[in-house]
Amino acid sequence: MAQSIYYTANEVMEILGVSRAKAYKVVKQLNEELAAQGYIVTAGKVPKKFLAERLYGMTV
């Protein structure tokens, strides 16, 4: 099975150590930024590369 290029909100929750509600807010905010740049977004998921770019010290 191929690796996904997306993190789910549950994975974001674990990475950041926050509640599920906060993780969904982070994913939503990042997806709004991507949509404003003209990208197609998927609710509840965020591209791994974009999350790594936006979080200080994170690498994919």
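The shown structure was predicted, so the numbers you read here are calculated from the model rather than taken from an experiment. Every chain is numbered independently, its residues counted from 1 as its sequence is written. With pLDDT at 70 or above as the cut-off, local features in this predicted model cover only qualifying residues; side-chain atom pairs require 80 or more to be listed or tallied, and sums for whole chains, interfaces and linings still use all residues. Hydrogens and waters are ignored; side-chain quantities use all the structure's heavy atoms.

1. Brief notes about the pattern of salt bridges
- The salt bridge definition used is simple: a Lys or Arg side-chain nitrogen within 4 Å of an Asp or Glu carboxyl oxygen. One pass over the full model with this rule turns up one salt bridge.
- Of the charged contacts, one joins R54 and E33 as a salt bridge, the two residues approaching to 3.0 Å between their closest N and O atoms. You can see R54 sitting in helix α3 (residues 48-54) and its partner E33 sitting in helix α2 (residues 20-36), a full 21 residues away along the chain.
- Assessed through its relative accessible area of 43%, R54 is described here as partly exposed.
- The classification of residues rests on relative accessible area computed with a 1.4 Å probe and restricted to protein chains. Under 20% of the type maximum is buried, over 50% is exposed, and intermediate values are partly exposed. Its relative accessible area of 22% is what places E33 among the partly exposed residues. For the purposes of this entry, the term helix denotes a DSSP run of H or I that reaches at least four residues, the term strand denotes a run of E that reaches at least two, and both are numbered from the N terminus.

2. What about the environment of A52?
- Structurally, A52 can be placed in helix α3.
- You can call A52 buried: its relative accessible area is 10%.
- For the pair formed by A52 and Y6, sequence separation is 46 residues and the distance between their alpha carbons is 11 Å.

3. Description of helix α1 (residues 9-16)
- All of the buried residues along α1 are A9, V12 and M13. Burial along α1 is one-sided: seen end-on, the buried residues are contained in an arc of 105°.
- Of the residues one or two after α1, G17 is the one with positive phi, at around 70°. Each direction from the helix axis to a C-beta atom contributes to the arc, which is the arc of those directions.

The analysis is restricted to geometry; functional conclusions fall outside its scope.
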